[in-house]
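The residues making up each chain are set out below.
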Amino acid sequence: MAENIGVYVCHCGSNIAAVVDCEKIAQAASEWDNVVIARDYKYMCSDPGQNLIKKDIEEYGLTRVVVASCSPRMHEPTFRKTLEEAGLNGYLLEMANIREHCSWVSKDKEAATEKAIALTRGAVRRVVLHQPIKEREVPVNKATLVVGGGIAGIQAALQIANAGYPVYLVEKKPSIGGHMAQFDKTFPTLDCAACILTPKMVDVDRNQNIKLFTCSEVVEVDGYVGNFKVKVRKKPRYVDEEACTGCGDCESACVMKNRIPSEFEVGLGKRSAVYIPFPQAVPLKAAVDEENCLYLKKGKCKQSCVDACQREAIDFEQREEIVELEVGAIILATGFEIFDPSVGPQWGYGIYDNVITGLQFERITNASGPTGGKVLLKDGSEPKKVAILHCIGSRDENYNKYCSRVCCMSSVKFAHLVKEKTDAEVYEFYIDMRTFGKQYEEFYNRVQEEGVHFIRGKGAEVTEIGGELTVRAEDSLLGVYREIPVDLVILNTALVPCSDSEKVSQIFGVSRAESGFFLESHIKLDPISTTNQGIYLAGCCQSPKDIPDTVAQGSAAAAGALAAIATGKVTTSPISASVNEDICSGCKTCLNMCAYKAITFDENKKVAEINEAVCKGCGTCAATCPSGAITNSHFTTEQIFAQIEGVCENG
Amino acid sequence: MSKLKLAVYWTAACGGCDVAILDINERILQVDEAAEIVFWPLAADPKYDDVKNMPDDAIDVCLLHGAIRNSENEEMARVLRQKSKVMIAFGSCSAFGGIPGLANFFDKKEIFERVYRESESTAGKAGVYPSPAVIVPEGELTIPEFYDTVLTLDQVVEVDYYVPGCPPAVDTIWTALEAIITGELPLRGTVIAGVKTLCDECSRKKEEKKITEIKRPMEVEIDPERCLLEQGIVCCGPATRGGCGARCTSANMPCRGCYGPTDHSIDQGAKLVSAIASIIDSKDPEEIKKITHLLSDPAGTFYRFSLPGSMLRRKRKEDVS
């Protein structure tokens, strides 16, 4: 097959050229079959660089282009556009990554150049077999689904609703608010969390464009960008939301009153079986806890809640319902869970009374919390010595390798609050202090001046010595081993992925990173998109982050969704798999392999079928297909092998 | 019209393909009517020279079954190619290497060590290896050279058609013979068998491909209605060309893969590896390891008939970097 190929080798300033001999690649390329012009240039992605390609396409009648530069994830769209502008199909381009794969990973100039030549040769061989393919445009449904009603989901939902577009906000708990609603004060300004969150929660409730589903979970997602079909399971609240005024009479009347550990109070307070999760709950409606309601569980109860409710809102006949929604975009804001420190007996959690988690401390110090905001020990006395342990379950090879990002600052905040409310000595055990945000370092300095003892060393063990709670640590600044007796230990635990995140990732067809958090498209340049086009991430479900970052990402995800809604259409990648019906034997091996649920089985024809609009072109099915009936466009067997042969060939 | 001149020859093979030709039963009379068998060592008693002395293209069609294992196999393949207008790789051995091709998981040295030294049945002096030429009091004796690597027929000579199977099923043979007799031969290079994989003609019920265990046929009572793979029995059907009539699976035994890969797959063994890997229903690496370890002889199972003709071809040679 004769093609006219132009090869362009980018220096990327000195990023590539410092290690790889770009001129030598161009020279080698000029000798290869089909190559009519090979050049090297300082910055191929610059305007003059792109113009070079455009000019050559015209002058030399180029039919294919190879750019040897950075990762295609960086500039493939750029150069595709360059080709399109010169009248060539954008998919007649192939890139060789000689930066990330060569110059950035080697100091050996000769070896790096040799590898760069091999990769470029592979690209030249491959591009000959490229086929022009066209991107598809699909219309976009203007509604957005936001999953999770924490601050990330609230921010995203409000942003979109305020732009005038409909939003469905789905929250699995009876109230929105998420973890932020449980916090006391927020660093670095010490604003009360409720004071800044509650108005936003109320806005959600009042906004005409937002339809809120609480006690609800997404159970199925079908379709593709712009046209998702979603099934939401709305669990019964057993309370008529229209009738309930949130007065709390049922809660007081419940026979289980003060007998069920409250989730909101992290087990430090008790609630009834019919309850309002917290005073600022949105919607401010009671809900019956199926697991603990005597009537629902055993069928036997005097139903004093029913008698107490003047509005006759309690309705034990309510049943679960499935609501079907159609949306154009989905924002996942499913948040995080708190690491359970009882898995490590060395921290004494669950063993000693006065070892608590950071989230429990948030409740204790909160004016509406179980102690009315007083920092007290289990026996009701005031602590005299308080230890705050950083990195419990974070930055720890045995649990989670990552840094949870918020604990240093929240620990500093805890120290400040203890100091403010008691006369206790406060000891912070840290590995490194990470106070990198706006006004964070200043806040840390302020708390240092308040006389908090900062000990550089991880709190390795919490034990009891002579009846006294003691923290053991190696003080790495002093180089000594220390045992510090205290009477309250606050374990600042890691933020971990939700326990159902595997299930959620499957329902929405998004990937997870090694840490278990959802995987973004690009860690730096596209932290809000996922590999499933039209599905965005916001907040801690992507990675641990503080409130400012969460809010920013919530807005960013909303902007992503709004971009498609505003134009009314999106282009989808033309790279997709297809089944050759003449070859498919209906073995069904591929059916379970598609992460995007693009494959169905045609029972009449007895063959697999791929919905091109849903297919993301990942190639899993093509690799799986035992008969070779499935091919993935732009990644055909012939193209891949031509590339491999080009890379492996000598000279 | 003069009769069609037909040759049948075997190289590294078991002879089962010869018997399979006879299995067409009374239809052999139709073959006899249409064709004159000019060379068939199993049925007649020809000598090498008989065929060597023929003019080029004297044979209309040659059915050659067997892999190329030694220099004699190669020599005869070349001679027959020269004397034949149409060369057909008949049976899995000549088409993709077949059972003799499994020797490619070893090399000549290892095979000789095993056979002429280690083997429990080695009689006489251990460690005497065959050599192409040996001087004895009566003079020099020669035998063919044993190759390091088993080859397919088309790795030695040009092949016009392929008839796969170990042995080819009677219907497959008849389709080929009928095409030869009537002269209605398909496009050169065609594999005369099914186009789809075995699953298409296997009548077993296929529901969901998910397994948590790999079992050998003798370890379980096999459900005769359900897909064998879904019962945890490694069946090569999904990656194997059909056309055999699903003779194994209908006899409650898994497909062994003898019809080789389809036109659209390069490497049957690799396809089987990815197919089995795809249906293992676990995300836990330890559990996956446990399940895959239940499969005895994976290489021999996945490449049972196709190793020399596959992309893999043979085991890596240690002295080649």
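Note that this is a predicted model, so its numbers are computed, not measured. Residue positions are counted from 1 within each chain, in the order its sequence is given. The lettering of chains begins at A and the numbering of ligands begins at 1, in the order of writing. Per-residue local features of the predicted model are confined to residues with pLDDT of at least 70, and side-chain atom pairs are confined, for both listing and counting, to 80 or more; whole-chain, interface and lining totals are unaffected and use all residues. Note: side-chain values were computed over all heavy atoms of the structure, leaving out hydrogens and water.

K.L.:
Just to check I follow, could you spell out the overall build of chain A for this structure?
P.N.:
Secondary structure elements follow DSSP: runs of H or I no shorter than four residues count as helices, runs of E no shorter than two count as strands, and numbering proceeds from the N terminus. When helices and strands are tallied, chain A shows 16 helices and 34 strands. Seen through its principal axes, chain A has C-alpha atoms that stretch 85 × 70 × 45 Å. Three labels apply to residues, based on accessible area from a 1.4 Å probe with only protein chains included: buried if under 20% of the type maximum, exposed if over 50%, partly exposed otherwise in between. The buried share among the 651 residues of chain A stands at 54%. Counting contacts in chain A only where the partners sit at least 6 residues apart, residues at least 24 apart contribute 69% of the total. Of the accessible surface of chain A, which amounts to about 28,400 Å², a share of 48% is contributed by carbon and sulfur atoms. A residue counts as positive if it is Lys or Arg and as negative if it is Asp or Glu; His and the chain ends are not included. Here the site of a charge means NZ on Lys, CZ on Arg, CG on Asp, or CD on Glu. A gap of 2 Å separates the mean positions of the 70 positive and 86 negative side-chain charges of chain A. Note on contacts: a residue pair qualifies if any of its non-hydrogen atoms lie within 4.5 Å across the two residues. Areas reported here follow the Shrake-Rupley algorithm with a probe of radius 1.4 Å; residue values treat only the protein chains shown as occluding.

K.L.:
Just checking my understanding: could you explain the overall build of chain B for this structure?
P.N.:
A count of helical and extended segments in chain B gives ten helices and nine strands. Taken over C-alpha atoms, the radius of gyration is set against a globule rule of 2.2 Å times the number of residues to the power 0.38. Radius of gyration (C-alpha) of chain B: 22 Å, near the 20 Å computed for a compact globule of 321 residues. A buried classification covers 46% of the 321 residues belonging to chain B. Residue pairs in contact within chain B that sit at least 24 positions apart in sequence constitute 73% of those at least 6 positions apart. When the accessible surface of chain B is totalled, it reaches about 16,100 Å², and 53% of it is carbon and sulfur. For chain B, the separation between the mean place of its 38 positive charges and that of its 49 negative charges on side chains is 4 Å.

K.L.:
Which parts of the structure should I look at to understand the sheet that holds strand β2 (residues 35-39) of chain B?
P.N.:
Adjacent strands of a sheet pair through backbone hydrogen bonds, lying either parallel or antiparallel. Residues and elements named next belong to chain B. Between any two strands, at least two bridges found by DSSP are needed for them to pair. Taken together, the five strands give an open sheet; going across it, the order is β2-β1-β3-β5-β9, and neighbouring strands pair in parallel fashion. Sheet topology places β2 and β9 (161-163) at the edges, where each strand pairs with a single neighbour. With strand direction ignored, the average angle separating the axes of adjacent strands in the sheet is 30 degrees. As a rule, the C-alpha atoms of each element are fitted with a line to give its axis, helices using only the stretch in contact, and angles between N-to-C directions run from 0 to 180 degrees. Contacting β1 (4-10), β2, β3 (59-65) and β5 (84-90), helix α4 (residues 71-83) crosses the sheet at an angle of about 140 degrees to β5. Across the sheet, helix α7 (residues 170-182) lies against β1, β3, β5 and β9, angled at about 165 degrees from β3, the strand it touches most.

K.L.:
Is there a simple way to explain the domain arrangement of chain B in this structure?
P.N.:
How big an interface is tends to be expressed through the accessible area that disappears when the partners come together. Domain start and stop positions are those given by an automatic or database domain assignment. One can read the domain layout of chain B as domain 1 (4-99 + 150-182), domain 2 (106-147) and domain 3 (198-302). A straight line from the C-alpha centre of domain 2 of chain B to that of domain 3 of chain B covers 38 Å.

K.L.:
What am I meant to see in the side chain of Thr113(A) here?
P.N.:
Residue and element names in this part refer to chain A. By the secondary structure assignment, Thr-113 is in helix α4 (residues 109-128). Classification of Thr-113 as buried rests on a relative accessible area of 4%. Beyond its immediate stretch of four places on either side in the chain, Thr-113 contacts Val-19, Val-20, Asp-21 and Lys-24.

K.L.:
Honestly, a negative patch on the surface in this entry has me stumped. Any pointers?
P.N.:
A cluster of acidic side chains, namely Asp281(B), Asp284(B), Glu286(B) and Glu287(B), defines a negative patch on the protein surface. The residue Glu287(B) is located in helix α9 (residues 285-293) in this model. Patches here: salt-bridge-free residues with over 30% relative accessible area, like charges joined within 9 Å, nonpolar side chains (Val, Leu, Ile, Met, Phe, Trp, Tyr) joined within 5 Å. Criterion for a salt bridge: a side-chain nitrogen of Lys or Arg within 4 Å of a carboxyl oxygen of Asp or Glu.

K.L.:
What exactly am I supposed to notice about the packing of aromatic side chains here?
P.N.:
In this description, a pair of aromatic rings is defined by centroid distance and the angle of the planes. In this analysis, rings of Phe, Tyr and Trp, with Trp reduced to its six-membered ring, are considered paired at centre separations within 6.5 Å, and the interplanar angle assigns stacked below 30 degrees, edge-to-face beyond 60, and tilted for intermediate values. Using the criterion set out here, one finds 17 aromatic pairs over all chains in the structure. For the ring pair Tyr402(A) and Phe517(A), a centre distance of 5.3 Å and an interplane angle of 70 degrees mean the geometry is edge-to-face. Placement of Tyr402(A) in the loop between β21 (385-392) and α11 (407-421) and of Phe517(A) in the loop between α13 (501-508) and β29 (535-537) is noted, with a sequence separation of 115 residues between them. Here the two residues Tyr402(A) and Phe517(A) agree in accessibility, since each one is buried. Among the aromatic residues, those joined into a ring-pair cluster are Phe112(B), Tyr116(B), Tyr129(B) and Phe146(B).

K.L.:
Teacher, can you tell me more about the interface of chain A and chain B here?
P.N.:
Listed as interface residues are 24 residues of chain A and, on the opposing side, 23 residues of chain B. Accessible area that two parts lose when put together, with a 1.4 Å probe and added across both, is what the buried area reports. Counting the surface lost from both chain A and chain B, the interface buries some 1,800 Å², and carbon and sulfur atoms represent 54% of this. Per-residue buried area on chain A facing chain B is highest for Ser585(A), Asn592(A) and Pro626(A); these three make up 26% of the total on that side. One can count zero salt bridges joining chain A with chain B. Listed by contribution, the elements that provide at least two residues to the side of chain A that touches chain B are α13, α15 (620-624) and α16 (637-648) of chain A. For the side of chain A that touches chain B, the leading source of residues is α15(A), giving three residues.

K.L.:
Could you clarify how one ought to interpret a nonpolar patch on the surface in this entry?
P.N.:
A surface patch of nonpolar side chains, about 300 Å² in accessible area, is lined by Leu477(A), Leu478(A) and Val480(A). Using a relative accessible area of 59% as the deciding quantity, one classes Leu478(A) as exposed.

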